[in-house]
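Topology and contacts: notes
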Amino acid sequence: MAAARNFRIGSALARPGKRVEGELVLGHYPDAPIATKVTIVSGTRPGPVLWVQGCIHGPEVGGVVAMLRLLERLDPRRMRGSIACIMLANPTAFRGYSRNTPVDTTNLNRVFPGAADGTHSQQNAHVLIETAASVADAVLDLHSGGDRSRVPYYGLYWAENSDASREAGRLARACGTRDIWASIDDWLGGAMFTVLTKRGIPSLIVECGGGGQVPEAHVANFVAAMTGVAQSMGILPGRPKRFARYRVFDESALIYSRKGGLFRPLVEPGDIVEKGHVLGEIVDLSGKVVERPRASIGPSYIASIRRPWMPVYSGDQIAECNRVIAS
Amino acid sequence: MRIGTLSVRPGQRRSGQLVLGHYPDGPIVAPLTVVRGKRPGKTLWIQGCLHGQEVGGTVGLIRFLERLDPARIEGAVIAVKLANPLAFRGYARNTPIDGINLNRVFPGDAAGYHSQQVAHALMSTAIGHADALVDLHSGGESHIVPFYALYRDDGSAASREAGRLARAAATADIWASRDAWLDGALLTHFTLRGKPAVIVECGGGGGVSEQQVANFAGALEGMARALGILPGRPPRRARYRVMDQALLVYNRKGGLFRPAVEPGAVVRKGQALGAMLDFDGRVVETLVSPNGPAYVAALPRRYMALHSGALIAETIRIVEGG
């Protein structure tokens, strides 16, 4: 598949040396197709295909802004192969500005590989993964903490004993960050990158930012990640930035609140903390601290933390604490 | 003093609840704290989260209450920490059950629809107990506002007193409003009933920084001093920037919003406020200020995804101290 020159994603037909646009239909409204914009830029010379997508969770728009930024800079004369930008992996979640798909309140990134004859989200997942698998040599899925949580800048791939996983690990180390989640987490079994990697297509997630904010620095991080992965694949010229050492995590413990209130974080995304470290305080409306959620494992990397003063219910996901295996 | 579930004697701090409506299976209550000084004086009503996402004011109010010592104050502070409990729980600007912007339906109606009943309960309780009212707001999730104080300028004695309190709110930016679209706001009706009311706005855009919490707490402390509830002089500025008559700017194209100015900027008429970017990265619309010189009192946060007809800005004409 490495020399695929005239592949198609929906109505976008890739052509050597050209930027083409089109739409990929992912489902249907009662009155019209549900489609995402697709832009493909192909080098004058053949090479691999990198599939990049954004907004599988609606409020995570930083990756989309970064794709627009990258597309402005791509020069087909300096490229081998193609970069395909799938702007909105979940168009109705983007329009509804919600993490889960509004029509069935499902987290799309938990139901892969999906099903052509399944629920709305399963059908959306099925079209995405089958289309990606038919054209892509690697897949990069751009995420953030959305509106309610903040995440550090890191690469995430499925760690298993396979060539696709090793290649995903190599690409993750070219994302411009030294923080790498080499996941063995069962709860990510239904994520697109996991299922694709198991099918032999190296795939990864890049996370950055959230908490309702998209500063230009986060946009630049996503651009650096896409550029580094494309350089690693030989699509773009130049060498990706490599670090002498990486911080690697393998498993995430999810920390949930047991009380409700306003959450005040006491750690920053990307901090490394010991087991039992206080992650923040849940403050009730008389100003009393009613709970201090703690890291349940350590040393662990704060891969996600609720933003300052976010109102939380009992059972809210306060943090992801990832076990550090190399630092 | 008897209010909600509380009976509060001089020198006491009490916390309880104020019933504002009813679920199918029980009362909808706001958390209520009353701090009453040993000595008599004015009573100040303070509320937050009339819009559910605007939690910065509630955090600032909690901070203010922590420092309030019944032995040191004259009069009383009545704190309603959630003026719209359902909107807070649903984390929505409008009341989830009827989709209504609560701050457009005052004075409300005891026999009206749900939001009207909540408005009536707030208004009648506040006017029955308080000499002055402060309502704490922010830009919520999607918008960011600068730190300013807003009062209804209807020429009355109550409105002049509200203007004096606004100038003690630790900010130099004052909106002396005669805007018709705020006719249904709580502060408008409180002022019409002869008592001063002020809105304090700060922050939003999904974030609550400690600086914003400090701004809210500082505004409350300043106004409490101006009322004689707290000892000491209120903060005064050598100059204030006074605004009136907001023109609201709406986009006609959808896309991702990229701001060209910061909230609180002073802009010329025709100056670009920001741009809508489509999914080719093209600028499909540039939004400009219809007012000038004007104060940008609200702006969507950077790269907010917006439909056509979203509020892009409040541009308020500067009438003094540009």
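Given the structure is predicted, the values throughout are model-derived calculations rather than measurements. (Residues numbered from 1 in each chain as written. Chains lettered and ligands numbered in written order. Predicted model: local features only at pLDDT ≥ 70, side-chain atom pairs only at ≥ 80, totals over all residues.)

**Looking at the overall build of chain A**
Secondary structure summary: chain A contains 6 helices and 18 strands in total. A compact globule built from 327 residues would reach a C-alpha radius of gyration of about 20 Å, and chain A, at 20 Å, matches this within 12%. For the C-alpha atoms alone, the extent of chain A along its principal axes is close to 65 × 55 × 35 Å. When each of the 327 residues of chain A is scored for burial, the buried share is 56%. (Helix = DSSP H or I, 4+ residues; strand = E, 2+ residues; numbered from the N terminus. Rg over C-alpha atoms; globule rule 2.2 N^0.38 Å. Buried ≥ 20, exposed ≤ 12 C-beta atoms within 10 Å, placed from the backbone.)

**Remarks on the overall build of chain B**
When you go through chain B residue by residue, the secondary structure sums to 6 helices and 18 strands. Whereas a compact globule of 322 residues would reach a radius of gyration of roughly 20 Å, chain B reaches 20 Å, a difference of no more than 12%. In terms of overall dimensions, chain B has C-alpha extents of about 65 × 50 × 35 Å along its principal axes. Evaluated residue by residue, chain B yields a buried proportion of 55% over its 322 residues. When contacts within chain B are restricted to residue pairs at least 6 apart in sequence, those whose partners lie at least 24 apart make up 70%. (Contact = placed C-beta atoms within 7 Å.)

**Section: the interface of chain A and chain B**
Taken together, the contacts link 23 residues of chain A with 25 residues of chain B. For the side of chain A that touches chain B, the element with the most residues is helix H1 (residues 62–73) of chain A, which contributes 4 residues. Each residue belonging to the side of chain A that touches chain B can be placed in one class, and the counts come to 14 nonpolar, 5 polar and 4 charged. (Nonpolar A, V, L, I, M, F, W, Y, C, P; charged D, E, K, R; others polar.)

**A few points about the environment of Val 49 of chain A**
Tracing the chain through its elements places Val 49 of chain A in strand S5 (residues 45–54). A count of 26 C-beta atoms within 10 Å places Val 49 of chain A in the buried class.

**Looking at the domain arrangement of chain A**
Interfaces are often described in size by the accessible area the parts lose on coming together. All names here are of chain A. By domain assignment, chain A separates into domain 1 (8–232) and domain 2 (252–326). A separation of 28 Å is found between the C-alpha centroids of domain 1 and domain 2. Across the contact, 12 residues belong to domain 1 and 10 residues belong to domain 2. Elements supplying a minimum of two residues to the side of domain 1 that touches domain 2: strand S8 (149–158) and strand S9 (179–183). Each residue belonging to the side of domain 1 that touches domain 2 can be placed in one class, and the counts come to 4 nonpolar, 4 polar and 4 charged. (Domains from an automatic or database assignment.)

**A few points about the domain arrangement of chain B**
Residues and elements named next belong to chain B. Partitioning chain B into structural domains gives domain 1 (2–226) and domain 2 (243–320). Each of domain 1 and domain 2 has a C-alpha centre, and these two points are 28 Å apart. Contacts between domain 1 and domain 2 engage 16 residues on the former and 14 residues on the latter. Those elements that provide at least two residues to the side of domain 1 that touches domain 2 are strand S8 (143–152) and strand S9 (173–177). If one sorts the elements of the side of domain 1 that touches domain 2 by residue count, S8 sits on top with 5 residues. Taken together, the residues of the side of domain 1 that touches domain 2 sort by class into 6 nonpolar, 6 polar and 4 charged.

**Some details on the sheet that holds strand S14 (residues 280–283) of chain A**
All names here are of chain A. One open sheet holds the 4 strands; their spatial order is S15-S14-S12-S17, and the pairing between them is antiparallel. Of all the strands in the sheet, just strand S15 (289–291) and strand S17 (310–312) have a single pairing partner and so form its edges. Put simply, the sheet's adjacent strands are angled 45 degrees from each other on average, direction ignored. Here 4 bridges tie strand S12 (residues 261–265) to S14, and the two strands are oriented antiparallel to one another. Pairing of Phe 263 across the sheet is with Ile 282, part of S14. (Pairing = 2+ DSSP bridges. Axes fitted to C-alpha atoms, helices over the stretch in contact; angles between N-to-C directions.)

**Re the pairing of S9 of chain B**
Residues and elements named next belong to chain B. Among the 5 residues of S9, 5 are classified as buried, and the element is accordingly described as predominantly covered. With burial as the criterion, each face of S9 is covered, one bearing Asp 173, Trp 175 and Ser 177 and the other bearing Ile 174 and Ala 176. Relative to S9, S8 is paired through 4 bridges, and the arrangement is parallel. Along S9, the bridge assignment pairs Tyr 151 with Ala 176. Handedness of the crossover joining S8 and S9 through helix H4 (residues 157–166) is recorded here as right-handed. (Right-handed = clockwise from strand over helix to strand, strands pointing away.)

**A look at the pairing of strand S4 (residues 33–42) of chain A**
Residue and element names in this part refer to chain A. When you tally the buried positions in S4, you get 8 out of 10 residues, the bulk of the element. Of the pairings in the sheet, the one linking strand S3 (residues 19–28) to S4 comprises 9 bridges and is antiparallel in character. If you follow Glu 23 over to S4, its bridge partner there is Lys 37. In textbook terms, the turn of a hairpin is the stretch between consecutive antiparallel strands, and for S3 and S4 this stretch comprises 4 residues. Both S4 and strand S6 (residues 80–86) contribute to a ladder of 5 bridges, which runs antiparallel.

**Considerations on the environment of Phe 147 of chain B**
Residues and elements named next belong to chain B. With respect to the secondary-structure elements, Phe 147 resides in strand S8. Residue classification places Phe 147 among the buried positions, given that 22 C-beta atoms sit within 10 Å. Taking the C-alpha atoms as reference, Phe 147 lies 22 Å from Val 288; in sequence the two are 141 residues apart.

**A look at the environment of Ala 310 of chain B**
Residue and element names in this part refer to chain B. Among the secondary structure elements, Ala 310 is positioned in the loop between strand S17 (305–306) and strand S18 (311–320). A C-alpha to C-alpha distance of 5.4 Å links Ala 310 and Tyr 250, two positions 60 residues apart in sequence. Every residue in contact with Ala 310, bar those within four places of it in the chain, is listed here: Tyr 250, Asn 251 and Pro 300.

**Structural notes on the nonpolar core**
Ranked by internal contacts, the top residues of the largest apolar core, which has 209 residues, are Leu 50, Val 52 and Val 229 of chain A together with Val 198 and Met 223 of chain B. Those residues within four positions of Val 52 of chain A in sequence are excluded, and the remaining contacts are Met 67, Ile 83, Ala 84, Cys 85, Ile 86, Leu 140, Leu 142 and Met 226 of chain A. (Core = buried A, V, L, I, M, F, W, Y, C linked by C-beta atoms within 7 Å.)

**Topic: H1 of chain A**
Along an α-helix, a turn takes 3.6 residues, which lines up residues three or four apart on a common side. Residues and elements named next belong to chain A. Between its first and last C-alpha atoms H1 spans 17 Å; for 12 residues at 1.5 Å apiece the expected length is 16 Å, and the two agree. Across the 12 residues of H1, 9 count as buried, placing the element largely inside the fold. The set of residues buried in H1 consists of Gly 62, Gly 63, Val 64, Val 65, Ala 66, Met 67, Leu 68, Leu 70 and Leu 71. (Expected span 1.5 Å × (residues − 1).)

**Digging into the sheet that holds S17 of chain B**
Spatially, the 4 strands line up as an open sheet ordered S15-S14-S12-S17 (chain B), and their pairing is antiparallel. Both edges of this open sheet fall to strand S15 (283–288) and S17 of chain B, since each of them pairs with a single strand only.

**Regarding H4 of chain B**
Of the residues making up H4 of chain B, those classed as buried are Ala 158, Ser 159, Glu 161, Ala 162, Leu 165 and Ala 166 of chain B. With its buried residues spanning 160 degrees around the axis, H4 of chain B presents them on a single face. (Arc of directions from axis to C-beta.)

**What to know about unusual backbone geometry**
Here the residue pair Phe 112 of chain A and Pro 113 of chain A is connected by a cis peptide bond, since its omega of 10 degrees sits within 30 degrees of zero. By secondary structure assignment, the location of Pro 113 of chain A is in the loop between helix H2 (91–95) and helix H3 (120–135). Omega for the peptide link from Phe 106 of chain B to Pro 107 of chain B comes to 15 degrees, which places this bond in the cis form. Its place among the elements puts Pro 107 of chain B in the loop between helix H2 (85–89) and helix H3 (114–129).

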